[in-house]
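An overview of the molecular structure
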Amino acid sequence: MGCSWLLILGLIQIVAHSLEIQGSDDEPIPVIAHNVTGVLEEDVYLSCEYQGSAQINKAEWKRRISSSKFKRLAGFSNGEFFSRGDFSKPDSPTNLTVRMKVSSVEAEGEYICEFQEEEENPFGSVFVTVIAKPDIRIEVNSETINDTHYQLVSCSAVGGRPMPQISWLVGDGPPSDFPFTVNESKTLHSNGTSTLISNLRFPTHLQDEESVICVVKHETLPNPKSTTANVETYARPNVMIKAEMVQQGGHDSWVVSCISSGGRPDTEISLALNGNNKVERESSANSDMKSLSVRLPVIEYKGHNITCVFKHPKFLYAESRRITLPTFYLSGVQFRSAVGSNSNEFLELQEGDSNIVISLEVTGNVPRYSIICK
């Protein structure tokens, strides 16, 4: 048993020595990042470091142009550092870390990092992927088709790479299929970027949210970008008809008013009489109320029906309010006094009488009356 353990220990030492000799002859491999993502019009760093012990005579970043041609970009040669185009000079002959400005989509591709020593030329490669941050724009337009007002909210993600994603939020969630419609259009640009436009369309009177949100997702955005657009909303008005009697120049008249309040936009009001006489109509409006009024002689329009018609986008159909003007008549008059007289013809007062209360009982439908005492 003891001899077996000694044999195993000897074999382990031989293998370890062999691996040590083999490792000393291996070619040093540069430490390099193999996948790098650069944003268009921003800087990206390419890192490559030689970890061997040999003397470096030449080191450079290059890019293959064809099967036999390469373009030298930055490095160390003939005892000097150099750089071209969008590249900075490296830190040292053994550390080829450089800063590259991603000035175009053509910067995407494979880059080769190579070191030249006395015996070997160790090298590595990195692939640079170019993405572009989209410019997000939003605008609101409106149009009226067949008396229906529509709003069109356009959200554009311009110049993105790869293609962005756009979604919408209305209230607490995505827009429903009715009354909202969403259409997208895509455009590819010659510089390798693209633009996505999403259009959200809806009839104004069928939605009550004061804003909608465009949400853009893209690789250049750490979180989805939300952009809010304020949109127009409609409010259902309160409508009524009102009649009041006024006296002018000793004559009684009805002022009948059709009133709409709290609506947005303004309510369309019309007033209809059940007669052929033409009357003057008077309109008035302020920030919260709109009215249409007519002045009618009491005697001529007794018992007439008057109708107000209100039209508003929030009404499925036109709404109407109707009023019938009363007919006035006098049935009888009876005198009464505090002394208990039941005479309905006259009341005779004697000289010296005082504190006499006289009451007049009128039957019928009259708005007012006057009393003459002689």
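Residues numbered from 1 in each chain as written. Predicted model: local features only at pLDDT ≥ 70, side-chain atom pairs only at ≥ 80, totals over all residues. Heavy atoms only, no water.

A word on the overall build of the protein chain. Counting its secondary structure elements, the protein chain contains one helix and 26 strands. Of all intrachain contacts in the protein chain linking residues separated by at least 6 positions in sequence, the fraction that spans at least 24 positions is 56%. (Helix = DSSP H or I, 4+ residues; strand = E, 2+ residues; numbered from the N terminus. Contact = heavy atoms within 4.5 Å.)

This brings us to the state of the cysteines. Counting across every chain of the model gives three disulfides. Residue cysteine 155 pairs covalently with cysteine 214 via a disulfide, S to S 1.9 Å. Every disulfide takes its handedness from the sign of the S-S torsion; for cysteine 155 and cysteine 214 that torsion is -70°, giving left-handed. Pair noted here: cysteine 155 is in strand E12 (residues 148-160) and cysteine 214 is in strand E16 (residues 211-217), with a separation of 59 residues, a long-range link. Residue classification places cysteine 214 among the buried positions, given a relative accessible area of 0%. Disulfides within the protein chain link the bonded cysteines, taken in sequence order, as 1-2, 3-4, 5-6. (Disulfide = S-S within 2.5 Å. Buried < 20%, exposed > 50% of the residue type's maximum accessible area, 1.4 Å probe, protein only.)

The next point concerns the pairing of E12. Judged from the eleven bridges that link them, strand E11 (residues 135-145) and E12 form a sheet pairing that is antiparallel. Across the sheet, arginine 137 pairs through a bridge with serine 156, a residue of E12. The hairpin formed by E11 and E12 contains two residues between the paired strands, and asparagine 146 there has a positive phi angle of roughly 50°. Examined bridge by bridge, E12 and strand E15 (residues 194-203) share nine bridges and lie antiparallel to one another. In the sheet register, serine 156 faces E15, and the bridge partner there is isoleucine 197. (Pairing = 2+ DSSP bridges.)

One recurring pattern in soluble globular proteins: nonpolar side chains tend to sit buried together. The biggest cluster of nonpolar side chains holds 25 residues, and the ones touching the most others in it are Leu46, Trp61, Phe87, Tyr111 and Phe115. Of all the secondary-structure elements, those providing two or more residues to this core are strand E3 (43-46), strand E5 (58-64), strand E6 (70-77), strand E8 (98-101), strand E9 (109-116) and strand E10 (123-131). Of all hydrophobic cores here, the second largest spans 20 residues; its members include Met245, Val256, Val298 and Ile306. (Core = buried A, V, L, I, M, F, W, Y, C linked by side-chain atoms within 4.5 Å.)

Of the volumes computed, that of the second largest pocket is approximately 290 Å³. The wall of the second largest pocket is formed by 14 residues, among which Asp147, His312, Pro313, Lys314 and Phe315 lie closest to the centre. For the lining of the second largest pocket, the per-class residue count stands at five nonpolar, four polar and five charged. (1 Å grid on protein atoms, 1.4 Å probe; cavity = no way out; pocket = protein on both sides within 12 Å on 5 of 7 lines; lining within 4 Å. Points joined across faces, edges and corners; volume = space filled by probe spheres on them. Nonpolar A, V, L, I, M, F, W, Y, C, P; charged D, E, K, R; others polar.)

With that settled, consider the pairing of strand E7 (residues 80-83). With four bridges connecting them, E6 and E7 associate as antiparallel partners. Within E7, the position partnered with phenylalanine 76 by the bridge is phenylalanine 81. Once E6 ends, the chain turns through two residues before running back antiparallel as E7, passing asparagine 78 with a positive phi of about 55°.

Where nonpolar side chains cluster on the molecular surface, the patch consists of Leu330, Val333, Phe335, Leu349, Ile356 and Ile358 and spans about 500 Å² of accessible area. For the nonpolar patch, the leading source of residues is strand E25 (residues 329-337), giving three residues. (Patch = residues over 30% accessible without salt bridge, like charges linked within 9 Å, V, L, I, M, F, W, Y side chains within 5 Å. Areas by Shrake-Rupley, 256 points an atom, 1.4 Å probe, with all protein chains shown as cover. Salt bridge = Lys/Arg side-chain N within 4 Å of Asp/Glu carboxyl O.)

The subject of this paragraph is the side chain of serine 253. Mapped onto the elements, serine 253 comes out in strand E19 (residues 251-261). Once you skip the residues sitting within four places of it in the chain, serine 253 turns out to touch Glu244, Met245, Val246, Arg295, Leu296, Pro297 and Val298.

Read across the open sheet, the four strands follow the order E18-E19-E22-E21; overall the sheet is antiparallel. Only two strands of the sheet have a single partner each, and these edge strands are strand E18 (238-248) and strand E21 (281-285). Direction aside, the axes of adjacent strands within the sheet are offset by 20° on average. Bridge analysis of E21 against strand E22 (residues 289-297) gives five bridges, and the strand direction is antiparallel. When the bridges of E22 are listed, serine 284 appears paired with serine 291. (Axes fitted to C-alpha atoms, helices over the stretch in contact; angles between N-to-C directions.)

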